[in-house]
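Tertiary structure, described
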Amino acid sequence: MQYARYGGFDVVEVVPQERPKPGPDEIVVEVSVAGLNHIERFLREGRLQDSIQLEFPARQGVDFAGVVAARGSDVRDLKVGDEVMGHAPHGGSHATWVTVPRSAAVKKPSTMSFEVAGSLYLAGCTALSVVRSLRLGPQDTVVISAAAGGVGHIECQLAKEAGATVIGLGSPRNHDALRQIGVLPVAYGEGEEDRIREIADGRPITAFIDNREHGENNELARRLGIDDKRFVTSQERGELEVRFLRAPGDDHEAMEMLTTLGDLVQRHKVQFIISGYYPFEYIVDAYEDLAEMHSRGKVVVGMQPVETGARLHWYKSEKSRDLRDPVSSGAPARPAAE
């Protein structure tokens, strides 16, 4: 997937790709699953030009998981056939193959699905960095907005793992999912401050993580009495996401975080939610799903999904559907332009 100018979905095109050859310290990964992220859409639309300057044609996708297809002459600790997960420092994971520095990938835990591994890096590292910055403990009660989103649902579980009581702001349709990961859910809208105080049941609110755009919760955090040092604004969270989006291949902190997250998922300390799984050819539909801003957890694309039975001509995962979704009669989803 690549694009030659800033714009919407109409600028994205699928182009043929020959299998690349790795440099001495690089690996070529045959991608199995790649994650989608809101910030990648913002990048393509030109909304991040103040912090990231693209060279066109630009390649899309940062998260990936797959199998090592080739390795450079200096790579000794991975072999062809090893399962890995990681990030593409300059984009390009929405592809059959991606070439990355050896240091930009770690071995995929054997019990972790490719769906999870392929979308863990950006959302996971952002969430872990945010939660670590607050130094949460059993004495804390933290409010997290967009708690069921791709970053938010990981933050909630990391905060719980640190011992904090977690109050999650989200749509009522996501409340059951939040309860299942140990979060106290509160609906957005008029009266949310009172609902937060009620569900806190006398505990002081000590921290706030805002995952919504445009600083929508700045005033709410002030009314709750949150100290500025314990309020992670949407701008601060966004800056962290940009930092990991373009982390260099030798960013040891990023890989340490990815390894830590993989261990937490493998030990069932973090449940990673996949709300939509699309074949690569339906990547435009996947991004349109994500753009609705109602995804629970992550949306991912699979490069070589197997289709069987009555849905031989199209695929749209049951996980990606909403009760309001008009696609229920077997009509084909619109494929990406080629």
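Quick note: structure is the one above.
Residues numbered from 1 in each chain as written. Predicted model: local features only at pLDDT ≥ 70, side-chain atom pairs only at ≥ 80, totals over all residues. Heavy atoms only, no water.

1. As for the nonpolar core
Note on soluble globular proteins: their nonpolar side chains tend to be buried together. Among the nonpolar cores identified, the biggest contains 88 residues, and Tyr-121 and Val-142 are the most heavily contacted of them. Not counting the four nearest positions on each side in its chain, Val-142 is found in contact with Leu-136, Ala-159, Ala-164, Thr-165, Val-166, Ile-167, Ala-207, Phe-208 and Ile-209. Of all hydrophobic cores here, the second largest spans 13 residues; its members include Ile-196, Ala-200, Leu-220 and Ile-226. (Core = buried A, V, L, I, M, F, W, Y, C linked by side-chain atoms within 4.5 Å. Buried < 20%, exposed > 50% of the residue type's maximum accessible area, 1.4 Å probe, protein only. Contact = heavy atoms within 4.5 Å.)

2. Examining the packing of helix H3 (residues 121–134) against helix H8 (residues 234–245)
Across the interface, H3 lies against H8 with an axial gap of 9 Å and an inter-helix angle of 130°. With respect to their mutual orientation, H3 and H8 come out oblique. In terms of crossing hand, the pair formed by H3 and H8 is right-handed. Residues Tyr-121, Leu-122, Cys-125, Thr-126, Ser-129 and Val-130 of H3 form the contact with H8, whose own contacting residues are Arg-237, Leu-240, Glu-241, Phe-244 and Leu-245. (Axes fitted to C-alpha atoms, helices over the stretch in contact; angles between N-to-C directions. Helix = DSSP H or I, 4+ residues; strand = E, 2+ residues; numbered from the N terminus. Parallel < 35°, antiparallel > 145°, perpendicular 65-115°, else oblique. Left-handed = near helix turned anticlockwise from the far one by under 90°.)

3. Re the pairing of strand S14 (residues 274–279)
With six of its six residues buried, S14 lies for the most part within the structure. Pairing of S14 with strand S15 (residues 298–302), which is carried by five bridges, proceeds in the parallel orientation. In the sheet register, Tyr-278 faces S15, and the bridge partner there is Val-301. (Pairing = 2+ DSSP bridges.)

4. What about the pattern of salt bridges?
Side chains that carry opposite charge are capable of pairing whenever their charged atoms lie near each other. If you walk through the whole model with that rule in mind, you get 16 salt bridges. Between Arg-230 and Asp-140 there is a salt bridge, with its nearest N and O atoms 2.5 Å apart. A residue pair is termed long-range when its members are at least 10 positions apart, and Arg-230 in the loop between helix H7 (218–223) and strand S13 (231–232) and Asp-140 in the loop between H3 and strand S9 (141–144) qualify at 90 residues. Put simply, Arg-41, Glu-45 and Arg-47 are held in one network by salt bridges that share partners. (Salt bridge = Lys/Arg side-chain N within 4 Å of Asp/Glu carboxyl O.)

5. Quick look at the packing of aromatic side chains
Aromatic ring pairs are reported here in terms of the distance separating the ring centres and the angle at which the planes meet. Counting across every chain of the model gives five aromatic pairs. Ring centres of Tyr-121 and Phe-244 lie 6.5 Å apart, and the angle between their planes is 85°; this geometry places the pair in the edge-to-face category. Taken together, the positions of Tyr-121 in helix H3 and Phe-244 in helix H8 put the pair 123 residues apart, joining distant regions of the chain. Residue Tyr-121 shares its accessibility class with Phe-244, and that shared class is buried. Among the aromatic residues, those joined into a cluster by ring pairs are Tyr-3, Tyr-6 and Phe-56. (Phe/Tyr/Trp six-rings, centres within 6.5 Å; stacked < 30°, edge-to-face > 60°.)

6. Let's talk about the sheet that holds strand S2 (residues 12–13)
In space, the three strands of this open sheet follow the order S2-S1-S4, with antiparallel pairing throughout. Of all the strands in the sheet, the pair left with one neighbour each is S2 and strand S4 (58–59). Sheet topology places strand S1 (residues 2–3) next to S4; two bridges connect them, and they run antiparallel. Opposite Gln-2, over in S4, you have Arg-59 as the bridge partner.

7. A closer look at the environment of Arg-243
Mapped onto the elements, Arg-243 comes out in helix H8. With relative accessibility at 28%, the residue Arg-243 sits in the partly exposed group. Separated by 118 residues in the primary sequence, Arg-243 and Cys-125 have C-alpha atoms spaced 10.0 Å apart. Once you skip the residues sitting within four places of it in the chain, Arg-243 turns out to touch Asp-251 and Glu-253. A distance of 2.5 Å separates a polar atom in the side chain of Arg-243 from a polar atom in the side chain of Asp-251. (Polar contact = N/O pair within 3.5 Å; in protein donor to acceptor, adjacent residues only side chain to side chain.)

8. Overview of helix H6 (residues 192–200)
Glu-192, Glu-193, Ile-196 and Ala-200 are the residues of H6 that are buried. Looking down the long axis of H6, one finds its buried residues gathered within 105° of arc, a one-sided arrangement. The exposed set on the far side of H6, more than 90 degrees from its buried face, consists of Asp-194 and Glu-198. Against S9, strand S10 (165–170), strand S11 (184–187) and H7 lie the buried residues of H6. Asp-201 occupies a position one or two residues after H6 and carries a positive phi of about 55°. (Arc of directions from axis to C-beta.)

9. Overview of the sheet that holds S9
Reading across the sheet, the five strands line up as S11-S10-S9-S12-S13 and stay open at both edges, with parallel pairing between neighbours. Of all strands in the sheet, those bounded by a partner on one side alone are S11 and S13. Sheet topology note: the S9/S10 ladder contains four bridges and is parallel. Its bridge partner lying in S10, Val-142 is registered against Val-166. Across the sheet, helix H4 (residues 152–161) lies against S9, S10 and strand S12 (207–209), angled at about 175° from S9, the strand it touches most.

10. Regarding the side chain of Glu-193
Note that Glu-193 resides in helix H6. There is a polar contact of 2.6 Å between the side chain of Glu-193 and the side chain of Arg-223.

11. Here's the deal with unusual backbone geometry
Going from Phe-56 to Pro-57, the amide bond is cis rather than trans, its omega being -5°. Note that Pro-57 resides in the loop between helix H1 (38–44) and S4. Here Arg-135, not a glycine, exhibits a phi torsion of approximately 50°, which is positive. Although it is not a glycine, Asp-201 sits at a positive phi angle of roughly 55°.

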